[in-house]
Structures are given as C-alpha cells and as structure tokens.
Amino acid sequence: PGADRARQFSLGDRLAAVAFTAGIGDRYADVGVVTHQDWRGRGLATACAAILCSELLRRGLVPVWGTSVENRASRRVAEKLGFAEVSRRVYVNAG
C-alpha cells in the first residue's frame, strides 16, 4: 500500500501493526490490518485502523471491512470500530 493508504505503529525499527486499504473505489475503501504476533492483544490494530478510517471518511470514502468467519481477532477489531455485518459470501477454492 502507498503511504497515503496505510497507517502503522512501529517500535524502534520494528513494525508492530499496520492498517491499510486493500482497494479503493469511487465510494468505498476496503480496510485491512496486520499485527506482528509479538504485539497482538494490545489494541494496536484498532488504533491504526481507527486513524485510517477517520482519514478515509474525511476524504468522503466509506470504509468497509471484510474478513473470514474464523478470523475472530479481525472481527473483534471491526466491531470495536463500529462495523456491523451486512452480508456473507462463500468462496470455493478450485482444485
């Protein structure tokens, strides 16, 4: 992601967490987060994503969040930020 599409939290020279846009359209921006395993459970993903979502809203974009049902940590972050489930999709792997 470009610098204008990501917000990160670093400790020294180590990246602890990052929130980014996986895609941006005319109206919506798909938000994602990644936290280094040593720094999980400290609210860093939530903090990074909150900043990024605020910036997207100021730009007139609607943040959207997609994750798997199994990714409970991602779902918890999304819920803390006020996202609500509106639909589910089924993906099938070929082969």
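As a reminder, the structure under discussion sits directly above these lines.
Small disclaimer: the values here were computed from a predicted structure and weren't measured. (Residues numbered from 1 in each chain as written. Predicted model: local features only at pLDDT ≥ 70, side-chain atom pairs only at ≥ 80, totals over all residues. Heavy atoms only, no water.)

Draft legend 1. The environment of Ser10, seen in detail. Along the polypeptide, Ser10 turns up in strand β1 (residues 6-11). Here Ser10 falls in the partly exposed class, since its relative accessible area comes to 34%. Between the C-alpha atoms of Ser10 and Val33, which are 23 residues apart in sequence, the distance is 14 Å. The contacts of Ser10, once residues within four sequence positions are left out, are Leu15 and Ala16. (Helix = DSSP H or I, 4+ residues; strand = E, 2+ residues; numbered from the N terminus. Buried < 20%, exposed > 50% of the residue type's maximum accessible area, 1.4 Å probe, protein only. Contact = heavy atoms within 4.5 Å.)

Draft legend 2. Region of the structure containing the layout of surface pockets. There is about 840 Å³ of room inside the largest pocket. In terms of lining, the largest pocket is formed by 21 residues, of which the most central are Trp65, Gly66, Thr67, Glu85 and Ser87. For the lining of the largest pocket, the elements supplying multiple residues, two or more each, are β4 (62-65) and α2 (72-80). Looking at the lining of the largest pocket residue by residue, the classes come out as 10 nonpolar, four polar and seven charged. Roughly 440 Å³ of volume is contained in the second largest pocket. In terms of lining, the second largest pocket is formed by 22 residues, of which the most central are Thr35, Ala45, Ala73, Ser74 and Val77. Taken together, the elements giving at least two residues each to the lining of the second largest pocket come down to β3 (28-35), α1 (44-58) and α2. Here the lining of the second largest pocket is composed, by residue class, of nine nonpolar, nine polar and four charged. (1 Å grid on protein atoms, 1.4 Å probe; cavity = no way out; pocket = protein on both sides within 12 Å on 5 of 7 lines; lining within 4 Å. Points joined across faces, edges and corners; volume = space filled by probe spheres on them. Nonpolar A, V, L, I, M, F, W, Y, C, P; charged D, E, K, R; others polar.)

Draft legend 3. α1, seen in detail. With 15 residues, α1 ought to run about 21 Å at 1.5 Å a step, and its terminal C-alpha atoms sit 22 Å apart, in line with that. Among all positions in α1, only Leu44, Ala45, Thr46, Cys48, Ala49, Leu52, Cys53, Glu55 and Leu56 are buried. Just downstream of α1, Gly60 is the residue with a positive phi angle, here 85°. (Expected span 1.5 Å × (residues − 1).)

Draft legend 4. Geometry of the packing of aromatic side chains. Counted under the stated rule, the structure contains one aromatic pair. An angle of 50° between the planes, with centres 5.4 Å apart, marks the rings of Trp65 and Phe83 as tilted. Here Phe83 lies in the segment after α2 and Trp65 lies in strand β4, a separation of 18 residues in the sequence. The class of Trp65 is buried, set by a relative accessible area of 16%. (Phe/Tyr/Trp six-rings, centres within 6.5 Å; stacked < 30°, edge-to-face > 60°.)

Draft legend 5. Region of interest: the pairing of β3. As paired strands, strand β2 (residues 14-24) and β3 are joined by seven bridges and run antiparallel to one another. What sits directly across from Gly23, in β3, is Asp30. Between β2 and β3, which pair antiparallel in sequence order, lie three residues. Looking at chain direction, β3 and β4 are connected through four bridges and run parallel. Directly across from Val31, in β4, lies its bridge partner Trp65. Once you follow β3 into α1 and on to β4, the crossover reads as right-handed. (Pairing = 2+ DSSP bridges. Right-handed = clockwise from strand over helix to strand, strands pointing away.)

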